[in-house]
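Coordinate analysis (summary)
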Amino acid sequence: LRKRSLTRRDNSPRESREPIQFASAEEHSAALKFFNAAYRAEQSGSGQAEHLAGEVRGWDPELAETLELYGQEEAWHRELLTDFFRDLGGSVQPMGRVTRLFFKRYAAAERMESIVLTNLMFETIGATTYKLTLRRTKEERVRRMLNTLASDEAFHVPLNVYFLKRTLSRCDRRQIWRLRVLHELLFVALVLLPVASRPKSRAFDGLGTLELARAYARALGELFVDEREIPLAAPRWLLWLLDVSVKNVHPRRA
Ligand SMILES: [Fe+2]
Ligand SMILES: [Fe+2]
């Protein structure tokens, strides 16, 4: 993370550019909604990482530094996106009622293991959405933005699995039981998220409700398959319902 931080600072002044041309007003509006959702996720991620760094500094300064550097990457993403809105010909919009309520609740979360797990699951669906959207996008500047986000988030997922393991080592049985309940609830809520997000951004990313729900279920389901230290597993009934099979990411360890 220290090495990465050197390449993740760009203070060069931005030249003014023509806004990106979209095929239709509908696609343009959907793109703005897509990147607004991304912006809010980055904002929340950097805030929570900073909060956690402060929390653990007293008992694990090394972990605190890691969290801090990770939070800085998310803050850098937020800056990149703020700048990217000029290319998109739009700006950061105030959050809708449901989104605001959601992030407010998340920001108020106090238990460290709950914050780390929630963040990890957000990172997972973020990485999945960026990756799938990248496959369908042809526009050069949009591709560059998505590429940066997709590759960084793909790195943040295993990083957060590590944070979770480190956090779980300090949890008692009761906390782990509570975390299992949270995991199950979040799993279902996040897999259902495309039902709410598709009407807003489908005209930009071209992803269908079931397609994205399945991709989320697979990515979330594979998170802990190889992690014996993390006693969390995907709700089987949901995988069965969506006809999704989850495989070991590292079959040799199976
Ligand atoms: Fe990010
Ligand atoms: Fe991230």
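Computed from a predicted model, the values in this text were never measured in an experiment.

1. Observations regarding the overall build of the protein
The secondary structure content of the protein amounts to nine helices and zero strands. The N-to-C order of helical and strand elements in the protein reads α-α-α-α-α-α-α-α-α. Taking 2.2 N^0.38 as the reference for a compact globule, 254 residues should give roughly 18 Å; the C-alpha atoms of the protein span a radius of gyration of 18 Å, in line with that estimate. Each principal axis of the C-alpha atoms in the protein carries an extent, and together these give about 55 × 45 × 40 Å. Burial statistics for the protein: of 254 residues in total, 48% are counted as buried. Contacts in the protein between residues at least 24 apart in sequence constitute 81% of all its contacts with a sequence separation of at least 6. By element, 53% of the accessible surface of the protein is carried by carbon and sulfur atoms, the whole surface being about 14300 Å². Between the averaged position of the 41 positive side-chain charges in the protein and that of its 33 negative side-chain charges there is a distance of 4 Å.

2. What about the confidence of the model for the protein?
Here the protein shows a mean pLDDT of 90. Residues at 70 or above account for 94%. Ranking the elements of the protein by mean pLDDT puts helix α4 (residues 97–108) last with 74 and helix α8 (residues 209–222) first with 97.

3. Describing the nonpolar core
Counting 49 residues, the largest nonpolar core has Leu-164, Phe-187, Val-191, Leu-220 and Phe-224 as the members making the most contacts within it. In terms of residue count, the dominant contributor to this core is helix α5 (residues 112–136) (10 residues). Among all residues touching Phe-187, those that are not within four sequence positions of it are Met-121, Ala-217, Leu-220, Gly-221, Ala-234, Pro-235, Leu-238 and Leu-239.

4. Remarks on the coordination of the iron ion (ligand 1)
Protein ligation of the iron ion (ligand 1) involves Glu-42 (OE), Glu-42 (OE), Glu-74 (OE), His-77 (ND1) and Glu-153 (OE), the donor distances falling in the range 1.9 to 2.6 Å. In this structure, the iron ion (ligand 1) is positioned 3.3 Å from the iron ion (ligand 2), and both are ligated by Glu-74. One end of the pair, Glu-42, is in helix α2 (residues 25–56); the other, Glu-74, is in helix α3 (residues 61–88), with 32 residues separating them in the sequence. Relative accessible area serves as the criterion here: at 3%, Glu-42 is assigned to the buried category.

5. Quick look at the environment of Pro-235
Here Pro-235 lies in the loop between α8 and α9 (236–242). Sequence-wise, Pro-235 and Phe-163 are 72 residues apart; in three dimensions their C-alpha atoms are separated by 22 Å. The residues contacting Pro-235, other than those within four sequence positions of it, are Glu-184 and Phe-187.

6. Quick word on the side chain of Glu-74
Of the side chains bearing the opposite charge, Arg-4 lies closest to the buried Glu-74, which forms no salt bridge; the N-O distance is 8.5 Å. Residue contacts for Glu-74: discarding those within four places in its chain leaves Glu-42, Gly-45, Ser-46, Glu-123, Glu-153 and His-156.

7. Comments concerning the coordination of the iron ion (ligand 2)
The protein atoms that coordinate the iron ion (ligand 2) are Glu-74 (OE), Glu-123 (OE), Glu-123 (OE), Glu-153 (OE) and His-156 (ND1), at distances of 1.8 to 2.3 Å. Mapped onto the polypeptide sequence, the residues donating to the iron ion (ligand 2) form the spacing pattern E-x48-E-x29-E-x2-H. The class of Glu-74 is buried, set by a relative accessible area of 3%.

8. Brief notes about the packing of α2 against helix α7 (residues 173–205)
The N-to-C vectors of α2 and α7 enclose an angle of 115°; their axes lie 7 Å apart at closest approach. Of the possible angle classes, the one that applies to α2 and α7 is roughly perpendicular. Regarding α2 and α7, the two cross each other, and that crossing is left-handed. For the pair α2 and α7, the contacting residues are Glu-26, Glu-27, Ala-30, Ala-31, Lys-33, Phe-34 and Phe-35 in the first and Lys-200, Ser-201, Ala-203, Phe-204 and Asp-205 in the second.

9. Observations concerning α8
End to end, α8 covers 20 Å across 14 residues, agreeing with the expected 20 Å (1.5 Å per residue, within 8%). Every buried residue of α8 is listed here: Leu-212, Ala-213, Ala-215, Tyr-216, Ala-217, Ala-219, Leu-220, Gly-221 and Glu-222. Its buried side turned inward, α8 meets α5, α7 and α9.

10. Description of the packing of aromatic side chains
On inspection of all chains with the given rule, the structure shows nine aromatic pairs. Between Phe-34 and Phe-35, the aromatic rings sit 4.9 Å apart at their centres with planes inclined by 70°, giving edge-to-face as the arrangement. For the pair Phe-34 and Phe-35, one class covers both residues: buried. Considering the side-chain rings of Tyr-162 and Phe-163, the 6.2 Å spacing of their centres and the 50° angle between planes classify their relative orientation as tilted. In textbook terms, an aromatic cluster arises when at least three aromatic residues are bridged by ring pairs, as seen for Phe-22, Phe-34, Phe-35, Phe-84, Tyr-130 and Phe-204. Here Arg-170 stacks its cationic end above the ring of Trp-59, 3.6 Å away from the centre of that ring.

Conventions used here
Residues numbered from 1 in each chain as written. Chains lettered and ligands numbered in written order. Predicted model: local features only at pLDDT ≥ 70, side-chain atom pairs only at ≥ 80, totals over all residues. Heavy atoms only, no water. Helix = DSSP H or I, 4+ residues; strand = E, 2+ residues; numbered from the N terminus. Rg over C-alpha atoms; globule rule 2.2 N^0.38 Å. Buried < 20%, exposed > 50% of the residue type's maximum accessible area, 1.4 Å probe, protein only. Contact = heavy atoms within 4.5 Å. Areas by Shrake-Rupley, 256 points an atom, 1.4 Å probe, with all protein chains shown as cover. Lys, Arg positive; Asp, Glu negative; His and termini not counted. Charge placed at Lys NZ, Arg CZ, Asp CG, Glu CD. pLDDT = per-residue confidence, 0-100. Core = buried A, V, L, I, M, F, W, Y, C linked by side-chain atoms within 4.5 Å. Donors = N, O, S within 2.8 Å, 3.2 Å for Na, K, Ca; no water. Salt bridge = Lys/Arg side-chain N within 4 Å of Asp/Glu carboxyl O. Axes fitted to C-alpha atoms, helices over the stretch in contact; angles between N-to-C directions. Parallel < 35°, antiparallel > 145°, perpendicular 65-115°, else oblique. Left-handed = near helix turned anticlockwise from the far one by under 90°. Expected span 1.5 Å × (residues − 1). Phe/Tyr/Trp six-rings, centres within 6.5 Å; stacked < 30°, edge-to-face > 60°. Lys NZ or Arg CZ within 6 Å of the ring centre and 35° of its normal.

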